[in-house]
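# Structure at a glance
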Amino acid sequence: MSSDVTDATRLSLVGDGARRLLALAGGARRLAAALLAAAVVFAAWLYLAKAAAPPAAPGAARGPATTVAAEEIVRGDFPVVVTGLGTVIPLATSVVKAQVSGPLQQVTYAEGQTVKAGDILAQIDPRPFDLVVAQAQAQLRKDEALLQNAERDLARYETLRMKVRDSVSGQQLDTQRSLIDQSRAAVETDHALLGQAKLNLSYTRIAAPIDGRIGLRLVDPGNIVQTNDANGIAVVTRLSPITVIFTLPEVKLQSVLRRFRSGEKLAVVAFDHEHAGELARGVLYAIDNQIDATSGTVRLRAEFANDDERLYPNQFVNAELTVETLKRVVLAPAVAIQRGAKGPFVYALDGEDKVAVRPVRLGPRDGERAVIEAGVEPGQRVVVEGVDRLRDGARITLARGAGAAAPTDGSKGPPDEVRRSPDKAGAP
């Protein structure tokens with residue numbers, strides 16, 4: 001009996017212990033989960049705080065020095081350039097058409113030939129027009145003879161009336177004078193018809209209307225040409241001088257207008273389709289009188305001498321218009337300009353082994369240089385390579401050959417082969 005009680009007691013004690021162990025295990029799991037969640041929240045807070053924190057104070061950087069390349073801030077001249085897409089448009093293009101109809105006897109020009117105004121290009125059969133001229137001349141001589149006879153009759157009537165009173169009535173004299181006026185009018189008409197016939201005869205020799213280069217032949221000899229033919233027999237285009245019509249955003253119009261209206265000759269440079277090679281240099285010729293409401297752009301026309309004919313009608317080009325040239329301004333390499341939450345800045349060398357953040361105020365810029373209106377001075381060096389690993393006060397070492405002084409006149413030297421980006425005049 002006592003043995004049974006003892007076993008029951010033992011079983012009860014074992015059950016109580018197991019329940020306490022299970023309770024303790026569940027609490028440990030909950031505690032571990034809570035600790036893990038707290039660790040995740042703390043890590044996220046630490047990451048966000050580090051991302052939002054400003055650059056570390058000078059001297060706070062630790063670790064090995066960062067290898068960078070630096071260039072010197074210089075003072076020089078900076079051209080403010082705006083770029084637009086344009087098309088080459090000739091100053092004059094003429095479709096050579098026949099002004100009288102008839103069979104085309106011969107073509108006297110070579111395709112692609114340079115012609116002068118008045119050069120004979122083709123010949124229409126002139127024989128029908130020769131006959132019309134002869135007919136008009138004969139009619140003129142006939143009417144001139146009738147006029148002379150009427151004038152002599154009037155002279156006789158007047159003489160007879162002076163000798164024999166009332167031998168000729170006043171009505172007869174008036175009739176004769178009227179007949180003379182009619183004959184004179186007929187003679188004038190004949191002169192006009194003869195002039196028209198001679199003009200049509202001259203039209204059988206088709207001449208170049210303007211100076212320029214003639215295109216491909218459109219009609220061969222032996223064909224009948226008509227005055228209503230829309231294509232004509234050839235096209236003459238003036239290639240020198242020539243113009244380029246290009247567009248600019250309306251926000252850049254006022255700066256261009258100010259300089260253009262002051263009488264300045266604004267330089268325009270035409271580049272090829274890929275903006276890699278210079279084609280020609282000219283000047284701004286005219287500005288359109290309205291802005292295109294659909295695109296928010298305005299059209300401008302530039303004129304080029306084009307003596308070498310590198311610009312060809314309907315050719316697509318990139319036009320660079322120099323609005324003005326800023327004299328003796330502070331210039332920095334464009335790659336040195338960085339962007340931060342508080343605006344643009346540069347990493348300037350502070351001594352020889354560390355850098356400092358220098359906020360700057362930017363002026364116009366291009367793909368290679370930027371005008372610095374405030375923040376740094378000529379002679380200071382700024383980091384142009386390795387900036388992604390820097391902080392304010394970071395220790396640095398200059399790469400071998402880096403940090404050489406740039407030309408003090410602001411010239412760009414070797415990058416003659418490197419073209420600037422299309423956005424030339426945009427201030428930040």
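Bear in mind the structure is a predicted one, so any value in this text is a computation, not a measurement.

### Quick word on helix α4 (residues 253-261)
Turning to α4, its buried residues number three or more, namely L253, V256 and L257. Seen from one end, α4 has its buried residues packed into an arc of 100°, which puts them on one side. Where α4 terminates, the next one or two residues include G263, which has phi positive at roughly 95°.

### Some thoughts on the pattern of salt bridges
Considering all chains together, one arrives at 13 salt bridges under this definition. For R217, the salt bridge is made with D220, and the minimal N-O distance between the two is 2.9 Å. Look at D220 and you get partly exposed, because its relative accessible area is 39%. Where salt bridges share partners, they join E158, D174 and R177 into one cluster.

### Brief notes about the nonpolar core
Of all hydrophobic cores here, the largest spans 26 residues; its most connected members are F246, V256, L284, L300, F304, L311 and L321. Those elements that provide at least two residues to this core are β2 (74-90), β11 (242-249), α4, β12 (267-271), β13 (278-292), β14 (297-304) and β15 (316-333). Beyond its immediate sequence surroundings of up to four residues, F246 is in contact with G84, L85, G86, V268, L284, V298, R299, L300, A302, A319 and L321. By size, the runner-up hydrophobic cluster in this structure holds 20 residues, among which are L104, V115, A208 and V225.

### A look at the packing of aromatic side chains
A complete count under the given rule lists one aromatic pair for this structure. Their ring planes at 90° and their centres at 5.4 Å tell us that F345 and Y347 sit as a pair that is edge-to-face. On the basis of relative accessibility, which here comes to 14%, the residue F345 falls in the buried class. A relative accessible area of 7% places Y347 in the buried class.

Cut-off values and rules
Residues numbered from 1 in each chain as written. Predicted model: local features only at pLDDT ≥ 70, side-chain atom pairs only at ≥ 80, totals over all residues. Heavy atoms only, no water. Buried < 20%, exposed > 50% of the residue type's maximum accessible area, 1.4 Å probe, protein only. Helix = DSSP H or I, 4+ residues; strand = E, 2+ residues; numbered from the N terminus. Arc of directions from axis to C-beta. Salt bridge = Lys/Arg side-chain N within 4 Å of Asp/Glu carboxyl O. Core = buried A, V, L, I, M, F, W, Y, C linked by side-chain atoms within 4.5 Å. Contact = heavy atoms within 4.5 Å. Phe/Tyr/Trp six-rings, centres within 6.5 Å; stacked < 30°, edge-to-face > 60°.

Functional significance is not addressed by these values, which are geometric in nature.
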